[in-house]
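# Structural description and commentary
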Amino acid sequence: MKKFNTIFVVDDDLVYHFIIKKLFSKCNLDVKTSYFFNGLEAIDDLKNKVETDNVPDLILLDINMPVYDGWQFLEEFRKLKQNLTKEITVYLVSSSNDISDLNKSKLYQDEVKEYYYKPMTQEDFDTIFR
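A quick note: this is a predicted structure, and the numbers were derived from the prediction, not measured.

### Notes on unusual backbone geometry
Between K118 and the following residue, P119, the backbone shows a cis peptide bond with an omega angle of -5 degrees. Summarising the element assignment, P119 is placed in the loop between β5 (112–117) and α5 (122–129). The phi angle at N28 is positive, at roughly 55 degrees, despite the residue not being glycine. Relative to the elements of secondary structure, N28 occurs in the loop between α1 (14–26) and β2 (32–36).

Structure follows, in structure tokens:
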């Protein structure tokens, strides 16, 4: 079983936040989760945590968000990643099944582990956490 203690959920959809919380509960996952409504909020928090080496183990990242979308987050994350002493696993989670988004995600293969479609299911969680 993969051990993720701290998780960032970066998505502007409150319903998705609710679904994720329910999945954590249903799967009996005891994790510290921080929720962000756009990529800028998440990247700013991550920058602060890099200094204290208190970064999350896992990031569930949406693509389409206001302010900073998932792609902008990944560009900044790519730069930050060089200063990390610990590996952060990133999964893209999006309702987009557009082939251009799928292809673009491959440009971030060093940052993104997998691309999941919304809504996430218990089976998705089983794959990620077990």
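### So, the sheet that holds β5
The strands that make up a sheet are held in pairs by hydrogen bonds between backbone atoms, and each pair lies either parallel or antiparallel. Spatial strand order, β2-β1-β3-β4-β5: five strands in an open sheet with parallel pairing. The sheet is open, and its two edges are formed by β2 and β5, each paired on a single side. Going across the sheet, the axis of each strand differs from the next one's by a mean of 20 degrees, ignoring polarity. As paired elements, strand β1 (residues 6–10) and strand β3 (residues 58–61) share four bridges and run parallel to each other. Considered in β3, the bridge of V10 is made with L61. The strands that α5 touches are β1, β3, β4 (89–94) and β5; relative to β5, the one it contacts most, it runs at about 170 degrees.

### Quick word on the packing of aromatic side chains
Per the counting criterion, the structure on display carries nine aromatic pairs. Considering the side-chain rings of Y115 and Y117, the 5.5 Å spacing of their centres and the 65 degrees angle between planes classify their relative orientation as edge-to-face. Seen in terms of ring centroids, F125 and F129 are 5.1 Å apart; in terms of plane orientation they differ by 45 degrees. Their pairing is tilted. Pair noted here: F125 and F129 are both in helix α5, with a separation of four residues, about one helical turn. This pair shows no difference in class: F125 is buried, exactly as F129 is. Aromatic rings pair up to connect F4, F24, F125 and F129 into one cluster. Here the guanidinium or amino end of K118 rests over the ring plane of Y16, the centre of that ring lying 4.7 Å away.

Cut-offs applied
Residues numbered from 1 in each chain as written. Predicted model: local features only at pLDDT ≥ 70, side-chain atom pairs only at ≥ 80, totals over all residues. Heavy atoms only, no water. Helix = DSSP H or I, 4+ residues; strand = E, 2+ residues; numbered from the N terminus. Pairing = 2+ DSSP bridges. Axes fitted to C-alpha atoms, helices over the stretch in contact; angles between N-to-C directions. Contact = heavy atoms within 4.5 Å. Phe/Tyr/Trp six-rings, centres within 6.5 Å; stacked < 30°, edge-to-face > 60°. Buried < 20%, exposed > 50% of the residue type's maximum accessible area, 1.4 Å probe, protein only. Lys NZ or Arg CZ within 6 Å of the ring centre and 35° of its normal.

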